[in-house]
Amino acid sequence: MRRIHLLLLFSLLISSACVGKGNKGQNVYGIGFYNLENLFDTCHDEGKNDYEFLADGSFNWTGEKYKCKLHNMAKVLGEMGTDKLPDVGCAAIGVAEVENSKCLDNLISQPALKARNIQYVHIEGPDQRGIDCALLYNPKLFKVRNVKLVPYIYNRPEDKGRATRGFLVVSGTLAKEHVTIIVNHLPSRGAKSYAREDGGSQLRVVKDSLQKDDPKVKLFIMGDMNDDPQDRSMAVCLGAKREISEVEEGGLWNPWWNVLASGQGTLQFQGSWNLFDQIILSSNLLDKSGSKDYSTLKLLDYQIFRRDYLIQQSGEYRGNTLRTHAGGKWLNGYSDHLPTLVYLVKE
């Protein structure tokens with residue numbers, strides 16, 4: 001009996017050690033998103049247009065470059081969330097632009113992630129280039145219940161036969177509550193705006209369906225939206241509001257709208273910041289009344305994850321994100337996007 005009690009105590013201590021603490025002793029959890037910008041291995045995947053990332057491709061992609069890319073991505077992912085949770089990091093991080101499960105296996109084997117036993121969920125999608133979304137998670141903090149890939153549907157006749165990333169829907173348990181994370185990567189700016197607007201509408205259908213199944217589910221809709229928060233795809237089609245006061249029960253809040261308005265962003269185009277990398281929250285994650293009732297999971301804070309090493313410090317692209325390649329050169333950088341984070345609190 002004494003041995004059982006000791007084992008239970010040890011289990012509780014381990015679990016407690018994985019949770020960050022807020023100023024008043026509340027439990028704090030980090031949830032993030034990061035576009036990894038072309039995490040490709042060095043092998044051709046049958047039926048995929050991945051030829052740029054082969055040894056004789058335009059990026060002269062080699063095993064050494066791939067190893068450097070894995071190391072760099074793991075460094076960022078391992079540091080995400082440590083501003084508030086220095087010993088813990090994030091409970092879950094959605095990622096975009098990953099070629100396949102082999103890349104994810106190699107990624108979580110990096111020391112920065114292996115030390116926390118980070119796991120992943122991934123379903124191979126139909127994207128023509130072969131890039132998918134996935135969710136990395138710490139199994140001591142986030143327990144996966146169910147995973148499905150909801151396809152993105154091109155609705156216009158002119159797009160017949162096209163295929164792109166779907167919506168990775170991961171249902172799980174965080175802080176003993178039902179949480180669902182939707183990771184997505186909407187069509188690029190090379191596509192017409194209606195493609196992203198259709199994506200916003202389809203995300204709304206997924207969100208409504210999840211809330212119908214469980215009105216209490218706490219939702220995070222995250223991803224590279226390829227649009228800013230104020231664009232029609234996000235503000236109208238998905239219906240994510242700018243101000244908390246505008247959010248109705250069952251609705252969505254987009255905290256990044258005002259962040260972008262303040263001059264901050266996650267990627268640059270022609271010298272101006274955009275904020276495509278968003279984490280949108282359901283109304284039941286918000287403290288709308290200001291009561292600071294944290295008996296259930298509530299939003300505590302949010303941030304763009306920014307480090308000096310992620311930014312070009314000199315040269316023509318000074319102040320821009322430090323990419324893996326730029327101007328036809330291998331820079332041994334990170335991504336053209338900066339990550340985003342939200343922090344949750346529960347007593």
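Predicted, not measured: the structure shown is a model, and the values here were computed from it.

Undergrad: Please provide a residue-by-residue account of the nonpolar core, values included.
TA: Ranked by internal contacts, the top residues of the largest apolar core, which has 75 residues, are Ile31, Leu77, Leu107, Ile181 and Phe220. With seven residues, the top contributor of residues to this core is strand β2 (residues 27-39). Residues contacting Phe220, with those up to four places away along its chain left out, are Ile31, Val179, Thr180, Ile181, Ile182, Ile279, Ile280, Leu281, Leu285, Val342 and Leu344. Residues Phe167, Ile182, Tyr194 and Ile221 belong to the second largest nonpolar core, which totals 21 residues.

Undergrad: Any chance you could break down empty space enclosed by the protein for me, citing the residues and the numbers?
TA: Evaluated as defined, the whole model comprises two cavities of 30 Å³ or more. A volume near 70 Å³ is recorded for the largest cavity. Forming the walls of the largest cavity are Leu77, Cys90, Ala91, Ala92, Ile93, Leu113, Arg116, Ile118, Leu136, Tyr137 and Asn138. Elements supplying a minimum of two residues to the lining of the largest cavity: β3 (92-98) and β5 (132-137). Grouping the constituent residues of the lining of the largest cavity by class yields nine nonpolar, one polar and one charged.

Undergrad: Explain the confidence of the model for the protein to me, and be specific about the residues and the numbers.
TA: Detailed conclusions should not be drawn from predicted coordinates in areas where pLDDT is low. Chain-level statistics for the protein give a pLDDT mean of 93 and a share of 93% at 70 or above. pLDDT under 50 marks residues 1-17. Its contacts with residues more than four places away, or in other chains, come to two contacts.

Undergrad: Tell me about the packing of aromatic side chains, residues and numbers included.
TA: Considering all chains together, one arrives at nine aromatic pairs under this definition. On the basis of an interplanar angle of 45 degrees and a centroid distance of 5.1 Å, the ring pair of Tyr309 and Tyr334 is categorised as tilted. A residue pair is termed long-range when its members are at least 10 positions apart, and Tyr309 in the loop between β15 (298-304) and β16 (325-326) and Tyr334 in the loop between β17 (329-330) and β18 (340-346) qualify at 25 residues. Taken together, the ring pairs in this structure connect Phe40, Phe53, Phe59 and Trp61 into an aromatic cluster.

Undergrad: Quick rundown of helix α3 (residues 101-108)? Include the residues and the values.
TA: Looking only at α3, the buried set comprises Cys103, Leu104, Leu107 and Ile108. Projected down its long axis, α3 shows its buried positions confined to an angular sector of 125 degrees, all on one face. In the core, the buried residues of α3 are packed alongside β2, α2 (63-79), β3, α4 (111-114), β4 (119-122) and β5. For α3, the N-terminal capping position is held by Asn100, with its side-chain oxygen 3.2 Å away from the main-chain nitrogen of Lys102.

Undergrad: Mind laying out the pattern of salt bridges, listing which residues take part and the relevant values?
TA: Scanning all chains against the criterion turns up 17 salt bridges. Between Glu79 and Lys75 there is a salt bridge, with its nearest N and O atoms 3.2 Å apart. Linking Glu79 with Lys75, this pair stays in helix α2, spanning four residues, or about one helical turn. Given a relative accessible area of 23%, Glu79 falls into the partly exposed group. Between Asp198 and Arg156 there is a salt bridge, with its nearest N and O atoms 3.0 Å apart. Here Asp198, found in helix α5 (residues 193-213), pairs with Arg156, found in the loop between β6 (142-150) and β7 (167-174); they are 42 residues apart in sequence, far enough to count as distant. Overall, the relative accessible area of 12% leaves Asp198 in the buried class. Connected via shared salt-bridge partners are Lys75, Glu79, Asp83 and Arg307.

Undergrad: Can you explain the layout of surface pockets? Please cite residues and give values.
TA: Space inside the largest pocket adds up to approximately 860 Å³. If you trace the largest pocket, you find 32 residues lining it, with Glu97, Ser188, Arg189, Asn226 and Asp336 closest to the centre. Secondary-structure elements contributing two or more residues to the lining of the largest pocket are β2 and β12 (267-269). Looking at which element gives the most residues to the lining of the largest pocket, the answer is β12, with three residues.

Undergrad: Which residues make up the pairing of β2, and what values do they have?
TA: On any regular strand, side chains alternate: one points to one face of the sheet, the next to the other face. Of all 13 residues in β2, 13 are buried; the element is thus mostly enclosed. Where β2 meets β18, seven bridges bridge the pair, whose relative direction is antiparallel. From the neighbouring strand, Phe33 faces β18, where its bridge partner is Thr340. On the question of chirality, the crossover connecting β2 to the parallel β3 by way of α2 is right-handed.

Undergrad: How would you summarise the sheet that holds β7 if you had to cite specific residues and measurements?
TA: What holds strands together in a sheet is hydrogen bonding between their backbones, with the strands either parallel or antiparallel. With mixed pairing, seven strands are arranged side by side in an open sheet as β6-β7-β8-β9-β14-β11-β10. The strands lining the two open edges of the sheet, one partner per strand, are β6 and β10 (240-241).

Scoring rules and cut-offs
Numbers given to residues run from 1 along each chain, matching the order in which its sequence is written. Under the rules for a predicted model, residues below a pLDDT of 70 receive no local features and side-chain atom pairs below 80 are neither given nor counted, while totals for whole chains, interfaces and linings still include all residues. Side-chain calculation: all heavy atoms of the structure are included, whereas hydrogens and water are not. In these notes, a set of buried Ala, Val, Leu, Ile, Met, Phe, Trp, Tyr and Cys residues joined through side-chain atoms within 4.5 Å is what counts as a nonpolar core. Partly exposed residues are those whose accessible area sits between 20% and 50% of the maximum for their type, while under 20% is buried and over 50% is exposed, using a 1.4 Å probe and protein chains only. A helix here means a DSSP run of H or I that spans at least four residues, while a strand means a run of E at least two residues long, and both kinds are numbered starting from the N terminus. In what follows, residue pairs with any heavy atoms lying within 4.5 Å of each other are defined as contacts. Lining residues are defined by having an atom within 4 Å of a point belonging to a cavity or pocket. Those points lie on a 1 Å grid over the protein atoms alone, cavities being sets where a 1.4 Å probe fits but cannot get out and pockets being open sets with protein on both sides within 12 Å along at least five of seven lines. Grid points are joined across faces, edges and corners, and a volume is the space filled by probe spheres set on the points. Classification used: nonpolar for Ala, Val, Leu, Ile, Met, Phe, Trp, Tyr, Cys and Pro, charged for Asp, Glu, Lys and Arg, polar for all others including Gly. What pLDDT reports is the predictor's confidence in each residue, on a scale of 0 through 100. A pair of Phe, Tyr and Trp rings is counted when the ring centres sit within 6.5 Å of each other, with Trp represented by its six-membered ring. The angle between the planes then sorts it: under 30 degrees is stacked, over 60 is edge-to-face, the rest tilted. Taken from the helix axis, the directions to the C-beta atoms give the arc we talk about. Under this definition, polar contacts are N or O atom pairs within 3.5 Å; protein pairs additionally need one hydrogen-donor-capable and one acceptor-capable atom, and for neighbouring residues in sequence, both atoms have to be side-chain atoms. Criterion for a salt bridge: a side-chain nitrogen of Lys or Arg within 4 Å of a carboxyl oxygen of Asp or Glu. In short, DSSP must find at least two bridges between two strands for them to pair. Crossover handedness is defined here as right-handed if the route from the first strand over the helix to the second strand goes clockwise, with the strands pointing away from the viewer.

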